[in-house]
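Observations on the model geometry
So you can see what is in the structure, the chains are spelled out below.
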Amino acid sequence: MYILDEEGKDLLATVKEFCEKEVKEQCKAYDESGEWPKDINDKACEMGLNALEVPEEYGGLGLSKNTYAALYEEMSKADAGLFTTMSASNLAMKPLLIAGRKDQIQRAADLLLGGGYGAFCLTEPMAGSDASNNKTVAVKDGDDYIINGRKCFITNGGIADFYIVTAMTDKTKGVKGMSAFLVEKGTKGLSSGNEENKMGIRTSNTTDVIFEDMRVPASAMIGAEGTGFKTCMETLDITRALMGIGATGIMQRCVDEAVAYSKQRITFGQPIGKFQAIQFMIADMEIKTETARQMSLHALKLQELGLPYSKESAIAKCYAGDMAVKVALDAIQILGGYGYSREYPVEKLLRDAKIFQLYEGTNQIQRVVISRSVMGKF
Ligand code: CAA
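Residues numbered from 1 in each chain as written. Predicted model: local features only at pLDDT ≥ 70, side-chain atom pairs only at ≥ 80, totals over all residues. Heavy atoms only, no water.

1. Overview of the site of the ligand
Condition: We call a residue near a molecule or strand as soon as one heavy atom of that residue lies within 4 Å of the molecule or strand. A 3.5 Å cut-off defines polar contacts: any pair of N or O atoms within that distance qualifies, except that in protein one atom must be a possible hydrogen donor and the other a possible acceptor, and neighbouring residues in sequence count only when both atoms are side-chain atoms. The protein chains shown are the only cover counted for residues, whose accessible areas, like all others here, come from Shrake-Rupley with a 1.4 Å probe. Both site types are read off a 1 Å grid over the protein atoms alone. A 1.4 Å probe that fits but cannot get out defines a cavity, while an open set with protein on both sides within 12 Å along at least five of seven lines defines a pocket; lining residues have an atom within 4 Å of a point. To qualify as sitting in a cavity or pocket, a molecule needs more than half of its atoms within 2 Å of the grid points. Put simply, DSSP H or I for four residues or longer makes a helix, DSSP E for two residues or longer makes a strand, and each gets a number counted from the N terminus. For this classification, Asp, Glu, Lys and Arg are treated as charged, while Ala, Val, Leu, Ile, Met, Phe, Trp, Tyr, Cys and Pro are nonpolar and the rest, including Gly, are polar. Domain limits in this description derive from either an automatic procedure or a database domain assignment.
Taken together, 24 residues lie near the ligand, and Ser129, Lys176, Asp237, Arg372 and Lys377 sit nearest. Here an oxygen atom of the ligand sits 3.1 Å away from a polar atom, N or O, in the side chain of threonine 155. A distance of 2.8 Å separates an oxygen atom of the ligand from a polar backbone atom of glutamate 360. Summarising the interface, the protein chains cover 72% of the accessible area of the ligand, which totals 1,100 Å² for the free molecule. With respect to the pocket detection grid, the ligand is positioned in the largest pocket. Breaking the shell around the ligand down by element, the ones donating at least two residues are β3 (144–155), α7 (228–264) and α12 (363–375). If one sorts the elements of the shell around the ligand by residue count, α7 sits on top with seven residues. Residue classes in the shell around the ligand are distributed as 10 nonpolar, six polar and eight charged. For the shell around the ligand, the two domains that each supply at least three residues are domain 2 (119–226) and domain 3 (230–375).

Below you can see the structure in the form of structure tokens.
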């Protein structure tokens, strides 16, 4: 449960109505085809859902983390692909907010507020969990850098208006030789590859992003040379808590679908919801859902208060991702054969849930972050 002020409640009611009337059912066809639902995303952008985390001083709504978490959960409940598209744009804002200049932040904010998208380009074919192993290079040439390389599994890769790109500016320095750049759509040498044909979140756009002699001014660098890895790690420390919220949205939908079904499905002369076996399954699903939500909100609260949150964000993401898969499997079990059928929504929820164990750092990486925080790095 979210504790919201009046403004938050109004916003939530608006987003809920949009998700119920214009996303939930409509996304089924897009999930089937794998086509990116431009019409739905355009409408979401009109409502400002792609720019929820833009600070007030840059033209955003200045929402509390608690409030935008409630809105993100609602999106994920309707369609985790929509959640992914919208939250990835905000992910791309984060390195700028952490280390960027005011003019860079304003430019990205304006692009989002104008209905655009952002993409965070850290991952490469040989640098997923091992993010520091970037092969993309940025070579200084006068007042410019020339960037060559290839990123993969980039959310919004084919639709973004701005890209946060990491590249090695000095390979001899290891992680301290990685820098980050703000690159805009249309830059010569920037292109995207084919869209991934994914298992879940099929309504989000995921592509390779390719740089071929892409020339950018030195002023495109975010923060100082060699700070790109640190900025990206700090970014993910923040955003992982929100991935917990995304997973919670899926879990809540699983609970809702299972409850509705168990009240109308009759076996042995009564609704299956009258059987304690089903009641206890639903209670366990609810325990996981509420725990994931509160852990994510706790991590977000720590962020708001300026207290350490790296471990708590990782716990939120890891727990919520793992539980989303379990809860989706339970929802399928309650619906029985119908749960396994594409006629009903729960098999999509399982496919969508799986990504929360993978993106923004696999749950094995979250355990690395958590154990290092508890035990230290030795
Ligand atoms: N904050 C600040 N600095 C940090 C940091 C953090 N959270 N984590 C590491 N650093 C710093 C360290 O302090 C260290 O600096 P010093 O040498 O000065 O001490 C430096 O970075 C290197 O740190 P490590 O030795 O710990 O680095 P590592 O190579 O062992 O990697 C890791 C650590 C946690 C495994 C990291 O590589 C990681 O998080 N990997 C997962 C990457 C990831 O989450 N990718 C997701 C991509 S985004 C996405 O999925 C979105 C999408 O579009 C789908």
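2. Observations regarding the domain arrangement of the protein
This is how the line gets drawn: In this description, buried area is defined as the sum, over both parts, of the accessible area (probe of 1.4 Å) that is lost when the two are combined. The rule for a salt bridge is simple: a side-chain nitrogen of Lys or Arg has to be within 4 Å of a carboxyl oxygen of Asp or Glu.
Structurally, the protein comprises domain 1 (6–117), domain 2 (119–226) and domain 3 (230–375). With centres defined by C-alpha atoms, the gap from domain 1 to domain 2 works out at 22 Å. For the pair domain 1 and domain 2, the two sides together bury roughly 2,200 Å², of which 63% comes from carbon and sulfur. Where glutamate 184 meets arginine 107, a salt bridge forms, and the shortest distance between an N and an O atom there is 2.7 Å. Counting across the interface, domain 1 meets domain 2 through 13 residue pairs in polar contact (both at pLDDT 80 or more). Among the elements of the structure, α2 (27–33), α5 (80–99) and α6 (102–113) are those that each provide at least two residues to the side of domain 1 that touches domain 2. The element contributing the most residues to the side of domain 1 that touches domain 2 is α5, with 13 residues. Residues that form the side of domain 1 that touches domain 2 fall into these classes: 17 nonpolar, nine polar and six charged.

3. What to know about the layout of surface pockets
Stated formally: Grid points are joined across faces, edges and corners, and a volume is the space filled by probe spheres set on the points.
Counted as a void, the largest pocket has a volume near 1,200 Å³. Taken together, 44 residues line the largest pocket, and the ones lying closest to its centre are Thr123, Leu358, Tyr359, Glu360 and Gly361. Only α5, β3, α7, α11 (346–354) and α12 provide two or more residues apiece to the lining of the largest pocket. Partitioning the lining of the largest pocket into residue classes produces 21 nonpolar, 13 polar and 10 charged. Here the second largest pocket is characterised by a volume of approximately 210 Å³. At the level of elements, α4 (65–78) and α5 are the ones that each hand at least two residues to the lining of the second largest pocket. The dominant element in the lining of the second largest pocket, judged by the number of residues it contributes, is α5, at three residues.

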